Amino acid sequence: MATDRPSAGDRRGRVFPDEVPILTDPSGRVRLRAHTEADLPAIVEQSNDPDAQRWTPVPIPAGGYGLAEARDFALGIIPAGWRDGTGFGWAIDADLGHGHRYAGAIDLGLRHDGSAEIGFSLHPAARGHGVMSTAVRLVRDHGFDQLGVRVLRWRARVGNWPSRRVAAAAGFRYDGRIRRSLEIRGELVDGWVATIASDDPRQPIRLPENPVLTGERSASDPAVQVRPYTEDDAERLVQICSDPATRRYAPRLPYPYTTRDAVEFVESLREAAATGRGFGWCYTDPADGVAAGTITVGLSDAGRAELGYSAHPDSRGRGLTTAAVRTVAEFLGGRSTGLPVPVRSVLIRCAASNAGSRRVAERAGFVLIGTQPAAEVLADGTVDDLLLFHRVCHTR
């Protein structure tokens, strides 16, 4: 590792590969080094991976990404960045149990103002082993401690949760979503941004997720599983949100409800969990795993939660919704939510004419605590009374 400490914004070039510092984690398992000719076949594999092409700006030539493109990147673009001081890029070398091998690439793009942007991409064979989290920490520390970087920035296409979790594990603080802020092969797409400053704590930041919950089979409830939605559930979600009975009591749903709406809703549930604003799942009969309905939970800082639900037409009358609501309520009252403030009370609101929703609330152990007259506008413009159901969570 370099021993000098240049001032912030130093754009001094380095000789490639002789002056490329080798960065190694204490265990020796992950090492960052200069790219070599031997890396090219693995770079081709990585660049043709569907996930890499979906989330990163890797070029996709008409004939496919081949050795010529890999050579231009590893032995052309990367060395040029070292020489002119605009970007420092490393090959990630990792031991996954069978000796060290190429595992991906990581780079720092340097700015005149003392900031830098980090970028990274992992070979498919190295995913799920903590390799990239280690590599990002190595580059983060090198940037701050050796290069004098003052602020390090991470950006990724919205939806790239693996990348966002890697950044959080290195202490990057999520700053938000910026519309049309990233260019990927000529298309402007929405991007996430997160930053870490040189004087920020370098501790991992945990991103909560929607957990998988399994309800206990009882005499009154069928077996049920409450799990995160995936994009594979989009068709079922469209059917739920297009059903007239659902739409009657959810007038704010887009119409017509499209697959794009479904995918954006699934993404919003992940975002709510990651930012501590709530949870959201589908629930299923474990026998088939097919999405039978939706459950969402909105959270407040004061330990209050509001629960909502809707069922697929072919799942009504089977007791699945009641079992799922009971399962979620018990989860909220337990000790494994991971929330900084325990949930003390859960509220369900529904229109007085929504007999199915009322039955679910009552059977799931919620108590009617009041009626707000003429407070619920339905999809056809009529106004209904709003019923309030409540359940106390017996938390720590």
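Please read these numbers as outputs of a predicted model, since none were measured by experiment.

1. Observations concerning the overall build of the protein
Across its full length, the protein carries ten helices and 16 strands. By its C-alpha atoms, the protein is 75 × 50 × 40 Å across when sized along the principal axes. Counting the 396 residues in the protein, one finds 49% classified as buried. Within the protein, counting contacts between residues at least 6 apart in sequence, those at least 24 apart form 64% of the total. Taken as a whole, the protein presents about 19000 Å² of accessible surface, with 51% of it coming from carbon and sulfur. Side chains of the protein carry 49 positive and 49 negative charges; the gap between the two charge centres is 4 Å.

2. A closer look at the nonpolar core
Counting 43 residues, the largest nonpolar core has Leu32, Ile106, Ile118 and Phe172 as the members making the most contacts within it. Tallying contributions element by element places helix α4 (residues 131-145) first for this core, with seven residues. What isoleucine 106 contacts, discounting residues up to four positions off in sequence, is Leu32, Phe88, Gly89, Trp90, Ile92, Ile118, Gly119, Phe120, Met132, Ala135, Val136 and Val139. Core analysis: the second largest hydrophobic core is formed by 34 residues, Tyr309, Leu320, Phe331 and Leu339 among them.

3. What about the environment of tryptophan 55?
Here tryptophan 55 lies in helix α2 (residues 50-55). Residue tryptophan 55 is classed as buried on the basis of its relative accessible area of 17%. A sequence separation of 101 residues divides tryptophan 55 from alanine 156, and the C-alpha atoms of the two residues are 7.6 Å apart. Not counting chain neighbours up to four residues away, the residues in contact with tryptophan 55 comprise Arg157, Val158, Gly159, Asn160 and Ile184.

4. Looking at the side chain of serine 357
Looking at where serine 357 falls in the secondary structure, it is placed in helix α10 (residues 355-363). Note on serine 357: relative accessible area 10%, which makes it buried. What serine 357 contacts, discounting residues up to four positions off in sequence, is Tyr309 and Cys350.

5. Structural notes on the pattern of salt bridges
A full pass over the atoms with the stated rule returns 25 salt bridges. Linking glutamate 271 and arginine 164 is a salt bridge whose minimum nitrogen-to-oxygen distance equals 2.6 Å. Of this pair, glutamate 271 sits in helix α8 (residues 259-274) while arginine 164 sits in helix α5 (residues 161-169); the two residues are 107 residues apart in sequence, bridging distant segments of the chain. Accessibility assignment for this pair places glutamate 271 and arginine 164 in one class, buried. With a closest N to O distance of 3.0 Å, arginine 318 and aspartate 285 form a salt bridge. Taken together, the residues span a long stretch of sequence, with arginine 318 in the loop between β13 (304-311) and α9 (320-332) and aspartate 285 in the loop between β11 (278-284) and β12 (291-299) at a distance of 33 residues. Look at arginine 318 and you get partly exposed, because its relative accessible area is 39%.

6. Some points on the side chain of histidine 312
Relative to the elements of secondary structure, histidine 312 occurs in the loop between β13 and α9. The buried category is assigned to histidine 312, whose relative accessible area is 7%. A distance of 3.3 Å separates polar atoms of two side chains, one belonging to histidine 312 and the other to arginine 236.

7. Topic: the packing of aromatic side chains
Following the criterion strictly, the structure yields seven aromatic pairs and no others. Where tryptophan 82 meets tryptophan 90, the ring centres are 5.2 Å apart and the plane angle is 90°; that geometry is what we call edge-to-face. Of the two residues, tryptophan 82 and tryptophan 90, both sit in the buried class. With a centroid separation of 6.4 Å and 70° between ring planes, the pair formed by tyrosine 229 and phenylalanine 265 is classed as edge-to-face. Separated by 36 residues along the polypeptide, tyrosine 229 in the loop between β10 (225-227) and α6 (234-242) and phenylalanine 265 in helix α8 bring together distant segments of the chain. An aromatic cluster of at least three residues, connected via ring pairs, comprises Trp82, Phe88 and Trp90. When the ring centre of tryptophan 192 is taken as origin, the NZ or CZ atom of arginine 164, which lies over that ring, is 4.6 Å away.

8. A short note on the sheet that holds β12
Strand order in this open sheet of eight strands is β9-β10-β11-β12-β13-β14-β16-β15, and the pairing throughout is mixed. A single partner strand is all that each edge strand has here, and the edge strands are β9 (213-214) and β15 (367-377). Relative to β10, β9 is paired through two bridges, and the arrangement is antiparallel. When the bridges of β10 are listed, threonine 214 appears paired with glutamine 225. Seen against the sheet, α9 touches β9, β10, β11, β12, β13, β14 (345-351) and β16 (383-392) and runs at an angle of roughly 145° to β11.

9. Quick notes on the sheet that holds strand β3 (residues 87-95)
The strand order across the open sheet built from eight strands is β1-β2-β3-β4-β5-β6-β8-β7, with neighbouring strands paired in mixed fashion. Unpaired on one side and paired on the other, β1 (23-24) and β7 (173-184) mark the two borders of the sheet. In the packing of helix α1 (residues 40-47) onto the sheet, contacts are made with β4 (100-110) and β5 (115-122), and the angle to β4 comes to roughly 70°. Lying on the sheet, helix α3 (residues 67-84) is in contact with β3 and β4; it crosses β3 at an angle near 130°.

Conventions and cut-offs
- Residues numbered from 1 in each chain as written.
- Predicted model: local features only at pLDDT ≥ 70, side-chain atom pairs only at ≥ 80, totals over all residues.
- Heavy atoms only, no water.
- Helix = DSSP H or I, 4+ residues; strand = E, 2+ residues; numbered from the N terminus.
- Buried < 20%, exposed > 50% of the residue type's maximum accessible area, 1.4 Å probe, protein only.
- Contact = heavy atoms within 4.5 Å.
- Areas by Shrake-Rupley, 256 points an atom, 1.4 Å probe, with all protein chains shown as cover.
- Lys, Arg positive; Asp, Glu negative; His and termini not counted.
- Charge placed at Lys NZ, Arg CZ, Asp CG, Glu CD.
- Core = buried A, V, L, I, M, F, W, Y, C linked by side-chain atoms within 4.5 Å.
- Salt bridge = Lys/Arg side-chain N within 4 Å of Asp/Glu carboxyl O.
- Polar contact = N/O pair within 3.5 Å; in protein donor to acceptor, adjacent residues only side chain to side chain.
- Phe/Tyr/Trp six-rings, centres within 6.5 Å; stacked < 30°, edge-to-face > 60°.
- Lys NZ or Arg CZ within 6 Å of the ring centre and 35° of its normal.
- Pairing = 2+ DSSP bridges.
- Axes fitted to C-alpha atoms, helices over the stretch in contact; angles between N-to-C directions.

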